[in-house]
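Per-entry structural report
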Amino acid sequence: MRSKIRSLTDKAVTGLAILATVLVVAPLLAIFGYLIYKGASSINLDFFTKIPKPVGESGGGMANAILGSAVLLGLGSLIGIPIGIGGGIFLAEFGRGTKLATGVRFTADVLNGVPSIVMGLAIYALVVVPQKHFSALAGGVALGIMMIPTVCRTSEEMLLMVPRAVREAALALGLPNWRSVLSITLKTASPGIITGCMLAFARVAGETAPLLFTALGNQYWSSSLNQPIAALPLQIYVYALSPYDDWHRLAWAGALVLIVLIVLSVSLVRYVTSRGVLKGAS
């Protein structure tokens, strides 16, 4: 009797787990499928090689927006990832139990919950107003600051998962603490830290609100950090609000390309990590 109850319980829990998985994956598949349905027909060579056409002219593409997104995300990563990892190292290795670490951790948690539009307004006041013009630099700073809390807290958690015996073994060999952290502890935790960085990257890749107040957008080619710059989320936003059907189709195509680029970047890093190329234990 007890064995039957255990068997039924096992099957029920397994069924609930499968149902939960389906409920999580189904919305993603539905969104992705609808984006393919609405946007795949508008993706062609012109989309990746040409800039937007003037109002009333059909065709054109989002090449400048793709380049702009690459510039903004690259700049944001250069700002957010080193600072975030540095903060995580401090919290996990050097600041345990201190009031400063508690304050940094609390600040990171609060910053992680700040709406993106508030972040855009803050960077507008701190960067755009002193510069007296919108710029790619301001947009990169906004995205970088948004990445910091996710990278920081993920790095801390991954470093705390490294067994204490690993640290003690390094210290027993005569390595100074800072060298042990950088060469052994950080390398061991690198797969999880890289995953955290990619999660932060994916989060900011589709942000529009902070870029409206910082990068502004640009209908032409621009890669200067001191000038307004186009970005895929901004271009999608402008096209989606327009009354033109052709622009609506391009907006759907841009949304599809943006999602595909995010999925490919995250999948590539996960693949490389799983193959052992970036594994700390390899």
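Overview of the structure. (Residues numbered from 1 in each chain as written. Predicted model: local features only at pLDDT ≥ 70, side-chain atom pairs only at ≥ 80, totals over all residues. Heavy atoms only, no water.)

**Points about the pattern of salt bridges**
Put simply, the rule is: The term salt bridge refers to a side-chain nitrogen of Lys or Arg lying within 4 Å of a carboxyl oxygen of Asp or Glu. Only runs of H or I of at least four residues qualify as helices and only runs of E of at least two qualify as strands under DSSP, and these elements are numbered from the N terminus. Burial classes follow relative accessibility: with a 1.4 Å probe on protein chains only, a residue under 20% of its type's maximum area counts as buried, one over 50% as exposed, and anything between as partly exposed.
According to the stated counting rule, one finds eight salt bridges in the structure shown. Between arginine 105 and glutamate 156 there is a salt bridge, with its nearest N and O atoms 2.9 Å apart. Taken together, the positions of arginine 105 in helix H4 (residues 99-112) and glutamate 156 in helix H6 (residues 136-160) put the pair 51 residues apart, joining distant regions of the chain. Of the residues examined, arginine 105 reaches a relative accessible area of 24% and is grouped as partly exposed.

**Overview of the nonpolar core**
What tends to happen in soluble globular proteins is that the nonpolar side chains get buried as a cluster. Note the threshold: For our purposes a nonpolar core is just a set of buried Ala, Val, Leu, Ile, Met, Phe, Trp, Tyr and Cys residues, chained together by side-chain atoms within 4.5 Å. Residues are treated as being in contact if the distance between any of their heavy atoms lies within 4.5 Å.
Met62, Leu72, Ile85, Leu159, Ile193 and Leu211 are the most contacted members of the largest nonpolar core, which totals 46 residues. Sorting the residues of this core by element identifies helix H3 (63-94), H6, helix H8 (177-188), helix H9 (190-205), helix H11 (232-241) and helix H12 (245-274) as the ones contributing at least two each. If you tally residues by element for this core, the top one is H12, at 10 residues. With residues near it in sequence (within four places) discarded, leucine 159 still touches Gly88, Ile89, Ala92, Glu93, Arg167, Thr185, Leu186, Ala189 and Ile193. One finds Ile123, Val127, Ala138 and Ala142 within the second-largest nonpolar core, a separate group that totals six residues.

**Quick look at the packing of aromatic side chains**
Condition: Stacked, tilted and edge-to-face are the three classes applied to pairs of Phe, Tyr and Trp rings, where Trp contributes its six-membered ring and a pair requires centres within 6.5 Å; stacked means planes under 30 degrees apart, edge-to-face means over 60, and tilted covers the rest.
The full count for this structure, using the stated rule, is six aromatic pairs. Ring geometry for tyrosine 244 against tryptophan 247: centres 5.3 Å apart, planes inclined by 75°, an arrangement best described as edge-to-face. Members of the aromatic cluster, connected to one another through ring pairs, are Tyr34, Tyr37 and Trp252.

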